[in-house]
Amino acid sequence: MFSIGTLGKRTGTKVQTIRYYEEIGLMPEPERTAGGQRRYGTLQQDRLAFIRHARQLGFSLDAIRDLLDLADHPGQSCSDADSIARRQLKDVEARMARLEALQKELQRMISDCAGGTVATCRVLEVLRDHSECLSDHDGPDT
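A quick note: this is a predicted structure, and the numbers were derived from the prediction, not measured.

Engineer: Would you mind going over the pattern of salt bridges with me for this structure?
Structural biologist: Pairing is possible between side chains that carry opposite charge, provided their charged atoms lie close to one another. Applying the stated criterion across every chain yields a total of seven salt bridges. One salt bridge connects Arg-86 with Asp-82, and the closest N-O pair in it is separated by 2.7 Å. Taken together, the positions of Arg-86 and Asp-82, both in helix H5 (residues 79-112) and four residues apart, correspond to about one turn of that helix. A salt bridge links Arg-108 to Glu-105; its shortest N-O distance comes to 2.4 Å.

This is the structure in structure tokens:
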């Protein structure tokens, strides 16, 4: 058994994040010493590593909750896990397409800039007037 600090170091996770995962139920409540200190074992370390890796792959906390539920019931079909991963892949592909559109627009904006004065700066012109853009790069987070 080890402390929350050690768990954090072993998994590369901040202590506050571990506490948050406990608070929202992704991590189970840990055992505690008589003095109230949290104590963790390898099962909790493995679960936290799973959560951390899923976050690195961009899965939402809700998707991770569903994946953990599936992982906790190994006799189930993996079709639900496959569906969750496919949704994540579609989301990543959509973000990549949006980023590629942004990249092209920024490259065009920069290449169109003649390097003159601010009064004739193409970068500033395009930023002032969205209709100057050649692609639709609006996204849900703009």
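Engineer: Would you mind showing me how to read the nonpolar core here?
Structural biologist: Generally speaking, nonpolar side chains in soluble globular proteins are found buried as a group. Residues Tyr-21, Leu-26, Ile-51, Phe-59 and Ile-64 are the most contacted members of the largest nonpolar core, which totals 19 residues. Mapped by element, the contributors of at least two residues to this core are helix H1 (4-11), helix H2 (15-23), helix H3 (42-56) and helix H4 (61-71). Ranked by the residues each element gives to this core, the list is headed by H4, at six residues. Among all residues touching Ile-51, those that are not within four sequence positions of it are Tyr-21, Leu-26, Met-27, Ile-64 and Leu-68.

Engineer: Any chance you could explain the packing of H1 against H2 here in plain terms?
Structural biologist: Describing two packed helices takes the angle between their axes plus the distance from one axis to the other. Axis separation between H1 and H2 bottoms out at 9 Å; the angle between their running directions is 105°. Taken as axis vectors, H1 and H2 run roughly perpendicular relative to one another. Across from Ile-4, Gly-5, Leu-7 and Gly-8 in H1, the residues of H2 making contact are Val-15, Ile-18 and Arg-19. Considering only residue class, the contact of H1 with H2 consists of four nonpolar, two polar and one charged.

Engineer: What exactly am I supposed to notice about the environment of Arg-38 here?
Structural biologist: Position of Arg-38 among the secondary structure elements: in strand E2 (residues 38-39). Sequence separation between Arg-38 and Gly-5 is 33 residues; the distance between their C-alpha atoms is 9.6 Å. When residues no more than four places from it in sequence are discounted, the contact partners of Arg-38 are Phe-2, Ser-3, Ile-4, Arg-19, Glu-22, Pro-30, Glu-31 and Arg-32. Polar side-chain contacts of Arg-38 include one of 2.8 Å to the side chain of Glu-22.

Quick notes on the rules
Counting restarts for each chain, with residues numbered from 1 along the sequence as it is written. For this predicted model, a pLDDT threshold of at least 70 governs which residues receive local features, and a threshold of 80 or more governs which side-chain atom pairs are given and counted, while totals over whole chains, interfaces and linings are taken from all residues. Each side-chain value is worked out from all heavy atoms of the structure, with water and hydrogens disregarded. Take a side-chain nitrogen of Lys or Arg and a carboxyl oxygen of Asp or Glu: if they are within 4 Å of each other, that pair is a salt bridge. Put simply, DSSP marks the helices as runs of H or I at least four residues long and the strands as runs of E at least two long, and each gets a number from the N terminus on. The set of buried Ala, Val, Leu, Ile, Met, Phe, Trp, Tyr and Cys residues whose side-chain atoms join them within 4.5 Å is what this entry labels a nonpolar core. Burial classes follow relative accessibility: with a 1.4 Å probe on protein chains only, a residue under 20% of its type's maximum area counts as buried, one over 50% as exposed, and anything between as partly exposed. Residue contacts follow a heavy-atom distance rule, with two residues in contact if any of their heavy atoms lie within 4.5 Å. What counts as an axis is a line fitted to C-alpha atoms, over the stretch in contact for a helix, and the angles between N-to-C directions run from 0 to 180 degrees. Just so you know how the angles are binned, under 35 degrees is roughly parallel, over 145 roughly antiparallel, 65 to 115 roughly perpendicular, and the rest oblique. Side-chain classes follow a simple rule in which Ala, Val, Leu, Ile, Met, Phe, Trp, Tyr, Cys and Pro form the nonpolar group, Asp, Glu, Lys and Arg form the charged group, and the remainder, Gly included, forms the polar group. Definition of a polar contact: a pair of N or O atoms within 3.5 Å, with one able to donate and the other able to accept a hydrogen when the atoms are protein atoms, and with sequence-neighbouring residues admitted only if both atoms are side-chain atoms.

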